[in-house]
Amino acid sequence: MLKHMINGKRVESREVFETRNPATNEVLAEVAAGGAEEIAAAVQAAKDAFPAWAAKPAAERAKLMRNLGELITKNVPEIAEMETNDTGQVIGQTKKALVPRAADNFHFFAEVCTRMDGDCYPSDDTHLNYTMFQPVGVCALISPWNVPFMTATWKTAPCLALGNTAVLKMSELSPMTADRLAELALEAGIPAGVLNVVQGYGATVGDALVRHPDVRAISFTGSTATGTRIIQNAGLKKYSMELGGKSPFIIFDDADYERALDAAVFMIFSNNGERCTAGSRILIQESIYDRFVADFAARASRLKVGDPLDPDTIIGPMISRDHWEKVTSYIELGKQEGARVVFGGCTPEVPEKFRNGFWVQPTVFADVDNLMRIAQEEIFGPVPCLIRFKDEAQALQIANDVAYGLSSYVWTESTGRALRMARGIESGMVFVNSQNVRDLRQPFGGTKASGTGREGGHWSFEVFAEAKNVCMSL
Ligand code: NAD
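Given the structure is predicted, the values throughout are model-derived calculations rather than measurements.

A. Representation of the overall build of the chain in the model. Counting its secondary structure elements, the chain contains 15 helices and 22 strands. In terms of overall size, the chain behaves like a compact globule, its C-alpha atoms giving a radius of gyration of 23 Å where 474 residues would be expected to give roughly 23 Å. Projected onto its principal axes, the C-alpha coordinates of the chain cover approximately 70 × 65 × 40 Å. Here the chain holds 474 residues, and the buried ones make up 54% of them.

Here you go:
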């Protein structure tokens, strides 16, 4: 049984739940289903571990972060396979990109924590002000099921490096790799109680965690609906909310066509389309629209769907039956709303051993009106909406006419247009002539219904550190 990790020890619960391999629907493990009691124990352990951990010189914490990064690197194949089995994210992504990136997160934040500096304001001859950053205390780290290992480390690394202690709560749909993370953290020399993992459901474990009075900050990644509920329950805790998206991927007729096509395919179909920054609304200028629709549909038809452990597979299964039902219901809705299916729309053929898995054929909708629900709501699967636009003004209007504002992509060879679009688009991140390429120093996060707060580089201080000002009379 997969247990909790509280104060460096495996802990069971009375209740258990199952985690399944979404490719086969077979049970991977029974998992301890925690509740308020386990949260109380984990928060207490984190609270007790905090003073000594916060008092360690940053360089010492950084060394332990690097140890953990190295241990992850050593174990990439094992963790990647575990993640693929637990989530259906294809091995080409977990092994080459997502798990190595988890190791990078620890190395990166090891650097950041040793380079933290504050400001100094020599006010006048009588007073000097200076600021310092201090850890917050016990932090709640709550992760969704898509790319769970990478997301858990993206939160754990800055949280711990800056001197906080943590209770990590993974999605009940993807509990496996966080357990491994907690184990490796101990092996790396991070003291017991600094990183605790409590497994279980959002309505029990998650809810108890965000309401706990000794939790000082919450770093949440997940849906807009849950994020909104957490804000209501959190009281005066600090928080950062990384929520859903419906990002525009805008291609002007002067763009480098082949590169834009490649990137458009990647940004909606990689990670099975279960990606917050997916370019799920592809806006195409009318003079290249028909050609692009045909080329894009042809590319979608060549994507290999099937065994997520096969390095050539691009699309694995959806995470769960519920999510499969959600994605397929949007495919039906798109047809009813009058969008044109140019590829997909039915269940793909898979080998016998995967017959009980949660498969969706990549499905491309063309001639989508931006006001259709398939263009407004987050589908979170391999289902792009292709939308025609006339000119820059209309592209901008369509891009912004949506509740979300996480990411956006602009493809044009005109620098002036790129700058105008980048200024006008309502999103936390704009990529120009680029897919989502990450520099870990950049602020990651969204606006509107995509969330509040930024994480990455020193931006992570917003949630994981307190700025203290000291005013001295001279
Ligand atoms: P979700 O909101 O259903 O669950 C996320 C986490 O919150 C899970 O661990 C869940 O157990 C927990 N939870 C549920 N109810 C809770 C409650 N009342 N209190 C505390 N915790 C609770 O999201 P999901 O379906 O797991 O993930 C998909 C969503 O995550 C999509 O909307 C996607 O866009 C978003 N996402 C955003 C980013 C980003 O960086 N902006 C990254 C990845 C995923």
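From this point, things continue past the structure.
B. Structural detail: the site of the ligand. The environment of the ligand is formed by 31 residues, the closest being Pro144, Gly202, Gly206, Gly222 and Thr226. Going through the elements one at a time, helix 7 (202-211) and helix 8 (224-233) are the ones with two or more residues in the shell around the ligand. Ranked by residues supplied to the shell around the ligand, first place goes to helix 7 with 5 residues. Partitioned by chemical class, the residues of the shell around the ligand number 12 nonpolar, 13 polar and 6 charged.

C. Molecular detail of the environment of Ser247. In this structure, Ser247 sits in the loop between strand 11 (238-242) and strand 12 (248-251). Assessed through the 32 C-beta atoms surrounding it within 10 Å, Ser247 is described here as buried. The contact partners of Ser247, leaving out residues within four places of it in the chain, are Thr277, Ala278, Gly279, Ser280, Arg281, Leu406, Ser407, Ser408, Tyr409 and Ser427.

D. Geometry of the environment of Gly279. Structurally, Gly279 can be placed in the loop between helix 9 (257-269) and strand 13 (281-285). Classification of Gly279 by C-beta neighbours within 10 Å gives buried; the count is 28. Expressed as a C-alpha distance, the spacing of Gly279 and Arg101, which sit 178 residues apart in the sequence, is 21 Å. Setting aside residues no more than four positions away along its own chain, Gly279 makes contact with Ser247, Phe249, Ala264, Met267, Ile268 and Tyr409.

E. A look at the nonpolar core. Counting residues in each nonpolar core, the largest one holds 141 residues, and the members touching the most others are Met65, Ala161, Val167, Ile250, Leu283 and Leu386. Sorting elements by how many residues they give to this core places helix 4 (residues 91-114) first, with 11 residues. Beyond its immediate sequence surroundings of up to four residues, Leu283 is in contact with Pro248, Phe249, Ile250, Ile251, Ile387, Phe389, Ala395, Ile398 and Ala399. In this structure, Leu2, Ala32, Ala33 and Met176 belong to the second largest nonpolar core, which totals 5 residues.

F. Representation of the UniProt feature "domain: Aldehyde dehydrogenase" (unreviewed entry) in the chain within the structure. With numbering matched to this structure, UniProt assigns "domain: Aldehyde dehydrogenase" (unreviewed entry) to residues 13-470. As a span, residues 13-470 carries 42% helix and 21% strand, and end to end its C-alpha atoms are 46 Å apart.

G. Spatial organisation of unusual backbone geometry. For Asn272, which is not glycine, the phi torsion reads 60° and is therefore positive. Structurally, Asn272 can be placed in the loop between helix 9 and strand 13. Phi at Asn433 takes a positive value of approximately 50°, unusual for a residue other than glycine. Within the secondary structure, Asn433 is located in the loop between strand 19 (429-432) and strand 20 (447-448). Judged by C-beta crowding, with 15 C-beta atoms within 10 Å, Asn433 ranks as partly exposed.

H. Just the pairing of strand 18 (residues 407-411), in detail. Counting buried positions along strand 18 yields 5 of 5 residues, so the element is predominantly enclosed. On strand 18, burial covers both faces: Ser407, Tyr409 and Trp411 on one face and Ser408 and Val410 on the other are all buried. Bridge count between strand 12 and strand 18: 3 bridges; the pairing is parallel. Along strand 18, the bridge assignment pairs Ile251 with Trp411. For the handedness criterion, the β-α-β arrangement of strand 18, helix 14 (residues 415-424) and strand 19 is classed as right-handed.

I. Structural context of the domain arrangement of the chain. Once the domains are mapped, the chain shows domain 1 (4-243 + 450-470) and domain 2 (248-432). Taken over C-alpha atoms, the centre of domain 1 sits 30 Å from the centre of domain 2. The partner domain 2 presents 25 residues to the 18 residues of domain 1 that form the contact. Counting only elements with at least two residues in the side of domain 1 that touches domain 2, the list comes to helix 3 (76-87) and helix 4. Class assignment of the residues belonging to the side of domain 1 that touches domain 2 gives a composition of 7 nonpolar, 10 polar and 1 charged.

J. Looking closely at the environment of Glu15. Assignment of secondary structure puts Glu15 in strand 3 (residues 15-21). Here the alpha-carbon distance between Glu15 and Gly34, two residues 19 residues apart in the chain, equals 7.3 Å.

K. Up close: helix 1 (residues 36-55). For helix 1, with 20 residues, the first-to-last C-alpha span of 29 Å sits near the 28 Å given by 1.5 Å per residue. Remark: the principal bend of helix 1, roughly 40°, maps to Ala49, with a proline, Pro51, within the next four residues.

L. Quick look at the sheet that holds strand 22 (residues 465-473). Strand order in this open sheet of 3 strands is 5-6-22, and the pairing throughout is antiparallel. Only two strands of the sheet have a single neighbouring strand rather than two, namely strand 5 (120-122) and strand 22. The average angle at which neighbouring strand axes cross in this sheet is 20°, direction not considered. As paired strands, strand 5 and strand 6 (residues 127-135) are joined by 3 bridges and run antiparallel to one another. Across the sheet, residue Pro122 finds its bridge partner in strand 6, namely Leu128.

M. Representation of the confidence of the model for the chain. Per-residue confidence for the chain gives a mean pLDDT of 97, with 100% of residues at or over 70. In the model output, the complex is listed with pTM 0.97 alongside ipTM 0.98.

What counts, and at which threshold
- Residues numbered from 1 in each chain as written.
- Predicted model: local features only at pLDDT ≥ 70, side-chain atom pairs only at ≥ 80, totals over all residues.
- Helix = DSSP H or I, 4+ residues; strand = E, 2+ residues; numbered from the N terminus.
- Rg over C-alpha atoms; globule rule 2.2 N^0.38 Å.
- Buried ≥ 20, exposed ≤ 12 C-beta atoms within 10 Å, placed from the backbone.
- Near = placed C-beta within 6 Å.
- Nonpolar A, V, L, I, M, F, W, Y, C, P; charged D, E, K, R; others polar.
- Contact = placed C-beta atoms within 7 Å.
- Core = buried A, V, L, I, M, F, W, Y, C linked by C-beta atoms within 7 Å.
- UniProt positions renumbered as here; feature names shortened; annotations may be inferred.
- Pairing = 2+ DSSP bridges.
- Right-handed = clockwise from strand over helix to strand, strands pointing away.
- Domains from an automatic or database assignment.
- Expected span 1.5 Å × (residues − 1).
- Bend = angle between axes of the 7 residues up to and from the residue.
- Axes fitted to C-alpha atoms, helices over the stretch in contact; angles between N-to-C directions.
- pLDDT = per-residue confidence, 0-100.

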